[in-house]
Amino acid sequence: MNSVFEVQKTIRENLLKVLDNHSLEQLNKIPEGFSNNLIWNIAHCVSSQQVLVYKLSGLPTLVSEEFIAKYKKGTKPEGDVSQAEVDEIRNLLSATLTQTEKDFEANIFVSYNEYLTSMGFTLRNVEDALNFNNYHEGIHTGIVWSIRKFV
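Residues numbered from 1 in each chain as written. Predicted model: local features only at pLDDT ≥ 70, side-chain atom pairs only at ≥ 80, totals over all residues. Heavy atoms only, no water.

Q: Report on the pattern of salt bridges, specifying residues and quantitative values.
A: For the coordinates displayed, the defined rule picks out seven salt bridges. A salt bridge links aspartate 87 to arginine 90, with the shortest nitrogen-to-oxygen separation between them at 3.3 Å. With a gap of three residues between them, aspartate 87 and arginine 90 both fall in helix H5 (residues 83-105), about one helical turn apart. You can call aspartate 87 partly exposed: its relative accessible area is 37%. Arginine 124 serves as the salt-bridge partner of glutamate 114, at 3.8 Å between the closest nitrogen and oxygen. Of this pair, glutamate 114 sits in the loop between H5 and strand E1 (115-116) while arginine 124 sits in the loop between strand E2 (122-123) and helix H6 (126-148), placing them ten residues apart in sequence. When salt bridges that share partners are traced, they join Asp20, Asp87 and Arg90 into one network. (Salt bridge = Lys/Arg side-chain N within 4 Å of Asp/Glu carboxyl O. Helix = DSSP H or I, 4+ residues; strand = E, 2+ residues; numbered from the N terminus. Buried < 20%, exposed > 50% of the residue type's maximum accessible area, 1.4 Å probe, protein only.)

Now the structure itself:
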């Protein structure tokens, strides 16, 4: 396994533990001082990975456009998510990682639309995107761990 995927697998396993150890009410709660909740941050990781890796490579995403729109950068929870949505997000955490690794090994990422992130990183290829994605998911995992203390 490529080390970038080993890192992402560990991040996603940590996020799955949060899903498994918090009630639906806790996942949906937005604590005072925060603009989002546990489930939004977790789904945002899936949405962002799809945009950074697939969309910027000119490939179809593994999740719906509606999912991406709901959890993309600049959004916030517009209401509570259902248990069915939590279950979908749980599945997507694993499924998108597995498929991305297969697609990477199959060399389907042949082009990339260069992208300057809001943090000042220029992504020039899928390898840059995968590495930045791990950094991005690490940031949101830290936010998740902070929110856990207040739910």
